[in-house]
Amino acid sequence: INHIVHNGGLYKRPFNEAFEETPMLVAVLTYVGYGVLTLFGYLRDFMRQWKIEKCQNATEREEQKDFVPLYQDFENFYNRNLYMRIRDSWNRPICSVPGAKVDMMERVSHDYNWTFTYTGRVIKDIINMGSYNYLGFAQKAGACQEAAAKVLSQYGAGVCSTRQEMGNLDKHEELEKLVARFLGVESAMAYGMGFATNSMNIPALVGKGCLILSDELNHASLVLGARLSGATIRIFKHNNMQSLEKLLKDAIVHGQPRTRRPWKKILILVEGIYSMEGSIVRLPEVIALKKKYKSYLYLDEAHSIGALGPSGRGVVEYFGLSPEDVDVMMGTFTKSFGAAGGYIGGKKELIDYLRTYSHSAAYATSMSPPVVEQIITSVKCIMGEDGTTVGEARVQQLAENTRYFRRRLKEMGFIIYGNEDSPVVPLMLYMPAKIGAFGREMLKRNIGVVVVGFPATPIIESRARFCLSAAHTKEMLDTALKEINEVGDLLQLKYSRRRLVPLLDRPFDETTYEETED
């Protein structure tokens, strides 16, 4: 299973992704851990039922016991008995700008995480390894903040109307022209919420009689949009082009179920960077298949726009491809641009159609003017239109930070998923007890991290997810790496059997995706 670099000349750069297999002993112990937690969960539910243990979870009222239940009690089993044990690792309230460092409000629980009490103390200068602040534009001072403050004083905070009524500002028009120019497409449209950009626009593009081919690890917004559309949905294995091509062939050969009529449209849904895996879409191969089978491509660049490519123009630029080869270019302003909202770019006919038929365009309130100005200023900075090279330097700094951080973690012996150029860095934890332990131990050392477990990941693939930023200095990364190394030894997290030799030229990592017969 080799690193893909030639593949018919599709790739103009090395494509290096690693997904090391879970060690068998670790997988067995992880299943045993979840089994023990489940047994104790049943025991505690039994004790709660007989009033031996106080029941703190939501239950139906006695007078409604004979009604059809609003929710099944067992559906909350995982929350009550597994998630509640490590609930303190999530929803930690911060009270500062989510930059390279954050301030966090301290909280304690006296009832095993059912409720929290704030102590009044603020933990200062925690190194933030969890926010999607890829280019460091989440800041309280600087050109973006000054421009947003000026627009706030002129336009106010809200628009109080939709774009199709009284909510279409000159700033919105300016933003959309700028985004279209940045992406290299004919036209673009901006929306107030990134999630809704996917979930409300996919139903406007496809419907009954259409086929959606979706990557198995696509974001929930893409999944919801696909389901709301009423189109038939088929799933292909993550980043597996053999699986995608088989579905395309079957769709064209067999057509729609029962009637065997041709599909009205075939739409391929993929992401630029997958936010849980740290992998980058094999876009040259996806585009080749799209052209071969005459289907459409919808590319979600939420995590890749600004974070990939020599000038931050995303995964299309990263692979040296033409934006014209992607039918629908979607992205968000919530990450690299330090703002809120999303966009869709493409041909003028597509955008004009969405302005009329998209639910987000017709019914959602327009974007807040200060948020729009934050995006305009940050995009101009990335493009160099502010007269400086700050934007270009940020893109380069993020790429350097990403490669340095990933290399050092691999040298320490951790299993790290994803592409070497992806600023999303998953570090595998596996066992349920280590999810909470890792988050707590890192916070003790003034490092803020995000830990992820089931159901957001497969049950044996719990992980910590680091997000690199151009705002991170080498000193910050070295401090974080030192503490991660220490916690890794403490919790015995160094599972990798392929340790890298530091400071030597190494061959490209192999991917563990198997070539499948089907």
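On a predicted model such as this, the values are computed, not experimentally measured, just so you know. (Residues numbered from 1 in each chain as written. Predicted model: local features only at pLDDT ≥ 70, side-chain atom pairs only at ≥ 80, totals over all residues. Heavy atoms only, no water.)

With that settled, the discussion passes to the packing of helix H7 (residues 241–254) against helix H8 (residues 283–293). Remark: H7 packs on H8, axes separated minimally by 11 Å, with the N-to-C direction vectors making an angle of 10°. Taken together, the axes of H7 and H8 lie roughly parallel to each other. Like other packed secondary-structure pairs, H7 and H8 cross with a definite hand, here right-handed. Residues Met-241, Leu-244, Glu-245, Leu-248, Lys-249 and Ile-252 of H7 form the contact with H8, whose own contacting residues are Glu-285, Val-286, Leu-289, Lys-292 and Tyr-293. In terms of residue class, the contact of H7 with H8 is made up of 7 nonpolar, no polar and 4 charged. (Axes fitted to C-alpha atoms, helices over the stretch in contact; angles between N-to-C directions. Helix = DSSP H or I, 4+ residues; strand = E, 2+ residues; numbered from the N terminus. Parallel < 35°, antiparallel > 145°, perpendicular 65-115°, else oblique. Left-handed = near helix turned anticlockwise from the far one by under 90°. Contact = heavy atoms within 4.5 Å. Nonpolar A, V, L, I, M, F, W, Y, C, P; charged D, E, K, R; others polar.)

On the secondary structure map, Asn-419 appears in strand E11 (residues 418–419). A relative accessible area of 0% places Asn-419 in the buried class. Within the structure, the side chain of Asn-419 is placed 2.9 Å from the backbone nitrogen of Asp-421, a separation counted as a polar contact. Apart from residues no more than four positions distant in its own chain, Asn-419 is found in contact with Phe-15, Asn-16, Glu-17, Gly-278, Ser-279, Ile-280, Tyr-318 and Arg-406. (Buried < 20%, exposed > 50% of the residue type's maximum accessible area, 1.4 Å probe, protein only. Polar contact = N/O pair within 3.5 Å; in protein donor to acceptor, adjacent residues only side chain to side chain.)

Strand order across the open sheet formed by 3 strands is E12-E15-E14, with antiparallel pairing between neighbours. Looking at strand neighbours, the two that pair on one side only are strand E12 (424–430) and strand E14 (450–452), the edges of this open sheet. When the angles between neighbouring strand axes are averaged without regard to direction, this sheet yields 25°. Pairing between E12 and strand E15 (residues 462–467): 6 bridges, direction antiparallel. Of the residues in E15, the one forming a bridge with Leu-427 is Ala-464. Against the sheet, helix H14 (residues 432–444) engages E12, E14 and E15, with an angle of about 130° to E12. (Pairing = 2+ DSSP bridges.)

This brings us to the UniProt feature "domain: Aminotransferase class I/classII large" (unreviewed entry) in the protein chain. Here the UniProt-annotated "domain: Aminotransferase class I/classII large" (unreviewed entry) positions come out as residues 124–484. In the segment residues 124–484, helix accounts for 43% and strand for 17%; the C-alpha atoms at its two ends are 19 Å apart. (UniProt positions renumbered as here; feature names shortened; annotations may be inferred.)

Looking at the assigned domains, one finds that the protein chain contains domain 1 (19–127 + 387–497) and domain 2 (141–381). Using only C-alpha atoms to locate each centre, domain 1 and domain 2 end up separated by 29 Å. Of the residues lining the interface, 20 residues belong to domain 1; the matching set on domain 2 comes to 17 residues. For the salt bridge of Arg-463 with Glu-277, the shortest nitrogen-to-oxygen distance reads 3.0 Å. (Domains from an automatic or database assignment. Salt bridge = Lys/Arg side-chain N within 4 Å of Asp/Glu carboxyl O.)

Consecutive side chains of a regular strand alternate in pointing toward one face of the sheet and then the other. In the sheet, strand E2 (residues 101–108) pairs with strand E3 (residues 117–128) via 6 bridges, with the strands oriented antiparallel. Bridging across to E3, Lys-101 finds its partner in Ile-127.

Let us now look at a nonpolar patch on the surface. On the surface, a cluster of nonpolar side chains totalling about 1,100 Å² of accessible area is made up of Met-24, Val-28, Val-32, Val-36, Leu-39, Phe-40, Leu-43, Phe-46, Trp-50 and Ile-52. Here Met-24 lies in helix H1 (residues 24–49). With relative accessibility at 65%, the residue Met-24 sits in the exposed group. (Patch = residues over 30% accessible without salt bridge, like charges linked within 9 Å, V, L, I, M, F, W, Y side chains within 5 Å. Areas by Shrake-Rupley, 256 points an atom, 1.4 Å probe, with all protein chains shown as cover.)

Another point: the nonpolar core. What tends to happen in soluble globular proteins is that the nonpolar side chains get buried as a cluster. In this structure, Met-129, Phe-405, Leu-409, Phe-438 and Phe-466 are the most contacted members of the largest nonpolar core, which totals 105 residues. If you count residues domain by domain, this core takes at least three from each of domain 1 (19–127 + 387–497) and domain 2 (141–381). Counting 21 residues, the second-largest nonpolar core is a separate cluster that includes Met-189, Tyr-191, Ala-204 and Leu-205. (Core = buried A, V, L, I, M, F, W, Y, C linked by side-chain atoms within 4.5 Å.)

Applying the stated criterion to the full structure yields 17 aromatic pairs. Measuring from centroid to centroid gives 5.6 Å for Tyr-83 and Trp-90, while their planes differ by 40°, and the two rings are tilted. Among the residues examined, Trp-90 registers a relative accessible area of 21% and is labelled partly exposed. Linked through ring pairs, Tyr-11, Phe-15, Tyr-318 and Phe-319 together constitute an aromatic cluster. The side chain of Arg-107 reaches across the aromatic face of Phe-116, ending 4.1 Å from its centre. (Phe/Tyr/Trp six-rings, centres within 6.5 Å; stacked < 30°, edge-to-face > 60°. Lys NZ or Arg CZ within 6 Å of the ring centre and 35° of its normal.)

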